[in-house]
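Inside the fold
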Amino acid sequence: MNARIKNLSSLLGSVFLTLLGLTVITFMIGRVMPVDPVIAAVGDNAPEAVIARARIEMGLDQPVVIQFLHYLAQIVQGDLGKSILTRNPVATDIARYFPATLELATAALILAAVIGIPLGVWAAVRQGSYVDQTIRVICLAGHSVPVFVLAMISLLVFYAVLGIAPGPGRQDIIFQDMVPHITGILTIDSLIAGDWDAFHDALVHMIQPVCILAYFSMAYITRMTRAFMLDALKGEFIITARAKGLSAVAVVWKHAFPTVAVQLVTVLALTYAGLLEGAVVTETVFSWPGLGQYLTISLMNADMNPVVGATLLIGLIYVVLNLLADTLYKLLDPRVR
Amino acid sequence: MIQTSFRNWALDETPASRSQANWGRRYRIWLSLKSNPLAMIGLGIILLFALLSLFAPLIAPYDPSLQNLGNRLARPSAGHWFGTDELGRDILSRILFGGRVTLGMVVSVVAVVAPIGLAVGCVAGYMGGVVDSALMRITDVFLAFPRLILALAFVAALKPGVESAILAIALTAWPPYARLARAETMTIRNTDYVAAYRLTGASRWRIMLRHIAPLCVPSLIVRTTLDMSSIIITAASLGFLGMGAQAPSPEWGAMIATAKRFIFEQWWVATIPGIAIFMVSLAFNFLGDGLRDVLDPKQN
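Nothing here was measured: the structure is a model prediction, and the numbers come from that model.

Our focus in this paragraph is the packing of helix α5 (residues 90-125) of chain A against helix α12 (residues 291-300) of chain A. Residue and element names in this part refer to chain A. Here α5 crosses α12 at 130°, and the two axes come no closer than 7 Å. Classified by the angle between their axes, α5 and α12 sit oblique to one another. Only L291, G292 and Y294 of α12 make contact with α5, whose side of the interface consists of V90, D93, I94, Y97, F98 and T101. Its residues assigned to classes, the contact of α5 with α12 shows six nonpolar, two polar and one charged.

Attention now moves to the nonpolar core. Residues A:I29, B:L152 and B:L238 are the most contacted members of the largest nonpolar core, which totals 161 residues. Taken together, domain 1 (2-76) and domain 2 (90-336) of chain A each give at least three residues to this core, which thus spans both. With residues up to four places along the chain from it excluded, the contact list for B:L238 reads B:L148, B:A151, B:L152, B:V155, B:A165, B:I169, B:M243 and B:G244.

Below, the discussion takes up the interface of chain A and chain B. For an interface, size is often stated in terms of accessible area lost upon the parts coming together. Taken residue by residue, the interface counts 46 residues in chain A and 44 residues in chain B. With both chains or domains summed, chain A and chain B bury close to 3,900 Å², and 78% of this area falls on carbon and sulfur atoms. Between B:D289 and A:R223 there is a salt bridge, with the nearest N and O atoms lying 3.2 Å from each other. Counting every contact that joins chain A to chain B gives seven residue pairs in polar contact (both at pLDDT 80 or more). Counting only elements with at least two residues in the side of chain A that touches chain B, the list comes to α1 (2-32), α6 (130-144), α7 (147-161), α11 (248-286), α12 and α13 (304-332) of chain A. Among the elements that take part in the side of chain A that touches chain B, α1(A) stands out by supplying nine residues, more than any other. Counted by class, the side of chain A that touches chain B contains 31 nonpolar, 11 polar and four charged residues.

Residue and element names in this part refer to chain A. As annotated by UniProt and renumbered to match this structure, "transmembrane region" (unreviewed entry) occupies residues 12-30, 104-125, 137-162, 202-221, 264-288 and 308-329. In residues 104-125, the share of helix is 100% and the share of strand is 0%. The end C-alpha atoms are 32 Å apart. Helix makes up 100% of residues 202-221 and strand 0%, and the two end C-alpha atoms of the span are 27 Å apart.

Below, the discussion takes up unusual backbone geometry. Residue and element names in this part refer to chain A. Notably, R87 is not glycine yet its phi reads approximately 65°, a positive angle. Residue position: R87 is located in the loop between α4 (64-76) and α5. A relative accessible area of 67% places R87 in the exposed class. Here the phi dihedral of S287 falls at roughly 50°; this positive angle occurs in a residue that is not glycine. Residue placement: S287 occurs in the loop between α11 and α12.

Our next topic: the pattern of salt bridges. Between side chains of opposite charge, a pair can form when the charged atoms approach closely. Here the structure, examined in full by the defined rule, presents nine salt bridges over all chains. Look at the salt bridges and you will find they share partners, linking A:R136, A:R223, B:D289 and B:R292 into a network.

All names here are of chain B. The feature "transmembrane region" (unreviewed entry), as annotated in UniProt, sits at residues 38-60, 103-126, 138-158, 164-181, 228-247 and 267-288 in this numbering. Summarising residues 38-60: 91% helix, 0% strand, and an end-to-end C-alpha distance of 29 Å. Secondary structure content for residues 103-126 is 100% helix and 0% strand, and the end C-alpha separation is 34 Å.

Before going further, it helps to examine the side chain of B:D289. Following the sequence through the fold, B:D289 ends up in helix α12 (residues 267-295). On the basis of relative accessible area, B:D289 is assigned to the buried category, the value being 5%. A distance of 3.0 Å separates the side chain of B:D289 from the side chain of A:R136, its partner in a polar contact.

Thresholds applied
- Residues numbered from 1 in each chain as written.
- Chains lettered and ligands numbered in written order.
- Predicted model: local features only at pLDDT ≥ 70, side-chain atom pairs only at ≥ 80, totals over all residues.
- Heavy atoms only, no water.
- Axes fitted to C-alpha atoms, helices over the stretch in contact; angles between N-to-C directions.
- Helix = DSSP H or I, 4+ residues; strand = E, 2+ residues; numbered from the N terminus.
- Parallel < 35°, antiparallel > 145°, perpendicular 65-115°, else oblique.
- Contact = heavy atoms within 4.5 Å.
- Nonpolar A, V, L, I, M, F, W, Y, C, P; charged D, E, K, R; others polar.
- Core = buried A, V, L, I, M, F, W, Y, C linked by side-chain atoms within 4.5 Å.
- Buried < 20%, exposed > 50% of the residue type's maximum accessible area, 1.4 Å probe, protein only.
- Domains from an automatic or database assignment.
- Buried area = accessible area lost by both parts, 1.4 Å probe.
- Salt bridge = Lys/Arg side-chain N within 4 Å of Asp/Glu carboxyl O.
- Polar contact = N/O pair within 3.5 Å; in protein donor to acceptor, adjacent residues only side chain to side chain.
- UniProt positions renumbered as here; feature names shortened; annotations may be inferred.

As structure tokens, then:
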């Protein structure tokens, strides 16, 4: 029991240090920018006195350490500053944009897992065969193609040429603001409202970006599943299971697969974190009003508060997911206990 | 003739000198790599692209920045194999010169990242204790961001451009190398031969530099090769989002960003640089995958 508490406290300690490091980095990014934040706030032509007063009001005349502590105190209170572009607090903006990204990433993860895990198992069972080689090439291709290229080609083929997919965006104009905003996740909100047309519209708009993101993460899931399964299939318990005459399907899915399931949970958590990165690029191509688009639009306009806020949020999610993966692994796998 | 004698010399079971043994090892790696078709395809494509971009000024049919507004957005033809872009510039020539930008960025990033990662990893792994925890905490912090996001934020804070992009990608790319080098160092640290060096009075820096770091290199090479494609894609993504190489530069990602506007009418202007990025990064993945099989049998 004592050892457990010690483990837990050292884990929490390292998470705390990592989070502190995150804020140091985002603070530095916010500070090294070439645009003077004071000028950005009051404008180029403001008189000297106004600039000086704004500088003091914004606390930018203080020593760096004090400024950092202020910044830290603000973050803890959920204050990420104001966006120059939207004139809203960054936290409010993020709360509005983030559900769209969450919807995209979650759907993509589910799709990627449902396809990627069986593919990986299949490749491992048929190691070295044509099946394995084909799956390997498909996965390597998924690692090699930039998401934005795939997204643009998909829009070109399925929307412009074939006309079977809807264009960019999250919903058709006629459905804009028709569904009351509850969770911010359109598919769920439209279901709550019982509006089937809106649900169908939201779902159809998701197909392309979700498939592209899913392919991108499926590559990783499949490769990892294959590697884990190859290891598991070498175990002596597999030979026993085969020797007692179990069918191939039962050996693979009932005996080998459960031993790798725990490791896969970790992989899925990491994939989910990686999806956030892919979402940033995908959203710009599909005009998807999510965190990624918010981030890139702010970047273009050198609006640093949203950039720093969004970066911090994504870093935070990354750390939490990593921690979750670690904990789940320790909790579920008796071998590491 | 020379080939067979080199083969016999290199594959000699009882090498007479250190260099002969080294060449023998290299030759065996090459032989097993050669038997992997995907890896060879990858190597071929990489060499082809490297040569094409190296000799771009000689090969390119046009000046990549030569505008011809009378011939804007032309379809691929005998005169312009890949067509022309929105300012009438020849896309083939721009792809060739763009290869110089992309490969230059990748090489610079690797040249910065690999030595830093190796140094940090070796020091952390060999010293252990407080040094190790401190260095690894810093590594963890950088690993806590998705690469592209952190690079975007860095570039935005510095100033969009190729140099900032290289710096930003390097800043986000070194941690995995450090982790890897640390893991390798920790297994090597406790071997008998390192203990023997210590007994003969070698300083810890000498041991790290001469006897540990070289052994970390093979796995770092594999890692670098596999990482190349992700560096290429990150660089292209930065260009695409307007944060990497800037407009007149024929960088592939930036080319796609400009061509995005008319993708539905003149699809080839955006698609061709996309294919170039895809080919190069796929080639690096093929090669890296093959190298991993050869150099790191543990993974299989």
